[in-house]
Each structure stands twice: as structure tokens, then as C-alpha cells.
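# An overview of the molecular structure
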Amino acid sequence: MNVVLLGAPGAGKGTLASQMCQAYGLRHISTGDMLRAHMREATALGLQARAYVDAGKLVPDALIIEMVRERLNEPDCQKGCLLDGFPRTAAQAEALGAIAKIDMVLYIDVAVEALVKRISGRRVCGKCGTVYHTSWHDREECAKCGEPLSIREDDKPETVLRRIEVYNQNTEPLIGYYREKGLLKTVDGSGTPEEVFEAVKTLVEKRV
Ligand code: AMP
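Attention here is on the structure that accompanies the text. This one's a predicted model, so the numbers in the text were calculated from it and none came from an experiment.

To continue, consider the overall build of the protein. A tally of regular secondary structure across the protein gives nine helices and eight strands. Along the three orthogonal principal directions, the C-alpha set of the protein runs to about 45 × 40 × 35 Å. Here the protein holds 208 residues, and 45% of them are scored as buried. Accessible area for the protein stands at about 11000 Å²; split by element, carbon and sulfur atoms hold 51% of it. With 28 positive and 29 negative side-chain charges, the protein shows a separation of 2 Å between the mean positions of the two kinds.

Over its twelve residues, helix α1 (residues 13-24) extends 16 Å from the first C-alpha to the last, a length consistent with the 16 Å expected when each residue adds 1.5 Å. Here α1 has its buried residues at Lys13, Leu16, Ala17, Gln19, Met20 and Cys21. Glycine 25 occupies a position one or two residues after α1 and carries a positive phi of about 65°.

This part is about the nonpolar core. With 56 residues, the main nonpolar core has Leu6, Met20, Leu72, Leu83, Leu96 and Tyr178 as its most contacted residues. When neighbours within four sequence positions are excluded, leucine 6 is seen to be in contact with Lys13, Pro87, Val105, Leu106, Tyr107, Ile108, Thr171, Leu174, Ile175, Tyr178 and Leu184.

The next point concerns the site of the ligand. Lining the immediate environment of the ligand, one finds 16 residues, of which Thr31, Arg36, Lys57, Gly85 and Gln92 sit closest. Within the side chain of glutamine 92, one N or O atom sits 2.9 Å away from a nitrogen atom of the ligand. Burial of the ligand by the surrounding chains reaches 95%, relative to a free accessible area of 480 Å². With four residues, helix α2 (residues 31-40) is the largest single contributor of residues to the shell around the ligand. Here the shell around the ligand is composed, by residue class, of six nonpolar, four polar and six charged.

With antiparallel pairing, three strands are arranged side by side in an open sheet as β6-β5-β7. A single partner strand is all that each edge strand has here, and the edge strands are β6 (131-133) and β7 (149-150). For strand β5 (residues 122-125) and β7, the ladder comprises two bridges, and the chain directions are antiparallel. Looking at the pairing, valine 124 lines up with serine 150 of β7. Sitting on the sheet, helix α6 (residues 112-120) touches β5 and β6, and the angle it makes with β5 is about 40°.

The rules behind each value
The residue numbers shown here count from 1 along each chain, following its written sequence. For this predicted model, a pLDDT threshold of at least 70 governs which residues receive local features, and a threshold of 80 or more governs which side-chain atom pairs are given and counted, while totals over whole chains, interfaces and linings are taken from all residues. Only hydrogens and water are set aside when side-chain values are computed; all heavy atoms of the structure are taken into account. Think of it this way: any DSSP run of H or I at least four residues long counts as a helix, any run of E at least two long counts as a strand, and we number them from the N terminus. Partly exposed residues are those whose accessible area sits between 20% and 50% of the maximum for their type, while under 20% is buried and over 50% is exposed, using a 1.4 Å probe and protein chains only. In these tables, accessible area is a Shrake-Rupley quantity obtained with a 1.4 Å probe, and a residue counts as shielded only by the protein chains included in the view. For the purpose of counting charges, residues Lys and Arg are taken to be positive, whereas Asp and Glu are taken to be negative. His and the chain ends are not included. One atom stands in for each charge, and that atom is NZ of Lys, CZ of Arg, CG of Asp or CD of Glu. By definition here, a helix of n residues has an expected span of 1.5 Å times n minus one. We call a set of buried residues a nonpolar core when its members are Ala, Val, Leu, Ile, Met, Phe, Trp, Tyr or Cys and they connect through side-chain atoms within 4.5 Å of each other. Contact definition: two residues touch when any of their heavy atoms are within 4.5 Å. If a single non-hydrogen atom of a residue is within 4 Å of a molecule or strand, that residue counts as near it. In the analysis that follows, any N or O atom pair within 3.5 Å is treated as a polar contact, provided that within protein one partner can donate a hydrogen and the other can accept it, and provided that, for residues neighboring in sequence, both atoms belong to side chains. As a working rule, the residues Ala, Val, Leu, Ile, Met, Phe, Trp, Tyr, Cys and Pro are called nonpolar, Asp, Glu, Lys and Arg charged, and the rest polar, with Gly in that last group. Pairing between strands is defined by DSSP: at least two bridges between the two strands are required. A fitted line through C-alpha atoms represents every axis, and for helices the fit uses only the stretch in contact; the resulting angles, taken between N-to-C directions, go from 0 to 180 degrees.

Shown next, in the form of C-alpha cells:
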């Protein structure tokens with residue numbers, strides 16, 4: 001089973017992705033995580049991507065599509081993947097259709113006001129990448145590796161609004177694109193992570 005997660009920044013894609021991958025044995029493919037790893041390691045792609053990512057803009061399609069194509073061809077992806085943060089443009093969606101068969105697209109629906117609130121409390125470990133939220137983790141260090149937590153450069157308020165704008169312009173139209181293909185399932189993303197996951201389980205298991 002290959003699943004795409006669609007949703008605005010802060011909708012909870014990363015959290016839901018971890019829950020789903022654990023429950024269904026899917027491989028988590030997060031283009032944001034992949035780019036951040038490239039940036040940390042200062043690879044050629046990381047150096048090219050940094051200016052876009054830090055400004056809250058989309059990395060050019062050609063770079064992202066190539067990165068995903070290579071990743072999806074690796075053997076560990078053959079049993080099923082969960083794509084988180086890809087596709088984000090019509091060109092990426094078209095390219096993905098030619099690379100892999102998509103079985104389901106889950107759209108996590110969250111109101112804009114809630115998105116901004118969620119993102120402003122997000123903290124991330126600079127070493128292992130674990131994500132926390134100030135509403136449930138009030139320490140300033142990572143619970144796994146003890147490293148200090150920080151705010152992602154692109155989670156700063158001025159950049160968040162731009163990311164939501166970029167989402168509305170480029171990615172939101174994919175909801176209609178996948179609805180027409182009969183692949184779209186919408187889930188209310190306003191509840192707790194547990195509530196959202198329960199709703200998703202019902203959708204996924206009904207389909208099986
Ligand atoms: P995310 O962690 O998914 O919010 O992604 C963080 C940033 O990485 C985005 O704001 C973009 O700059 C970049 N990025 C991630 N995925 C893509 C994609 N599919 N297309 C273009 N840029 C992307």
C-alpha cells in the first residue's frame with residue numbers, strides 16, 4: 001500500500017505518519033526530513049535547497065522529484081510507503097503517478113488559526129530530529145539524546161504565514177486532483193493525535 005498524506009504545514013502530517021508507519025509497516029518518506037538531513041550534512045542538494053527551505057518557499061520540482069524517485073526505487077520502499085510532504089505541486093503529483101501506484105490519499109483538514117498555533121509551539125532536536133510541542137513537553141532538551149531543542153528556522157512566525165500561502169497556492173489544488181481520481185479520503189485533523197489516528201484507522205481498515 002502506498003499512501004500520500006496531504007495537509008497544510010502544522011496539520012499533523014509528521015505525527016500521523018509515525019503512527020501509521022508503526023501500525024501498517026509502511027516506510028515513512030518525508031521530503032522535509034530528507035532535505036533537512038541534506039542540509040545538516042551540507043550535501044550539494046542541501047546547499048541548493050537551504051535558501052528555499054529557510055525562506056518557506058518550495059524547492060524546485062526537478063530537484064525534489066529526482067530525490068524522491070531515487071528514494072522510492074530503494075528496496076525498502078517496495079513493501080509500501082507513506083509520503084509526507086510530497087507531492088506539493090501539480091508537476092510533482094504527475095511525476096509521482098509515473099513512479100509509483102498510489103492507493104490512498106489522506107487529506108488532514110485543519111483550520112488555519114489552529115495551524116499557526118500548532119507550529120508556534122513546535123520544537124525540534126537539532127541532533128536526532130525528534131519533534132516536540134510545548135503543550136506536552138516543557139523541557140528544553142530532547143528526551144532521547146539530551147540535546148537542546150530549537151525552533152526550526154522556517155517555523156518562525158513570518159515564515160509560517162508564507163508557507164501557508166505557498167500551500168494554499170500550490171498544494172491545496174491537489175485535493176481536487178486526487179478527489180477526481182477517486183483516491184481522496186478526508187480526515188478531521190482538529191483533534192488530539194490519538195483521535196486523528198483512530199479516525200484514520202477506520203478509513204484505512206474499511207478500505208482493506
Ligand atoms: P516540511 O517539513 O514538509 O514542512 O518541509 C519543509 C520545507 O522543505 C518546505 O517548506 C519546503 O521548503 C521544502 N520541501 C519539503 N517538501 C517539498 C516538496 N515536496 N516540494 C518542494 N519543497 C519541499
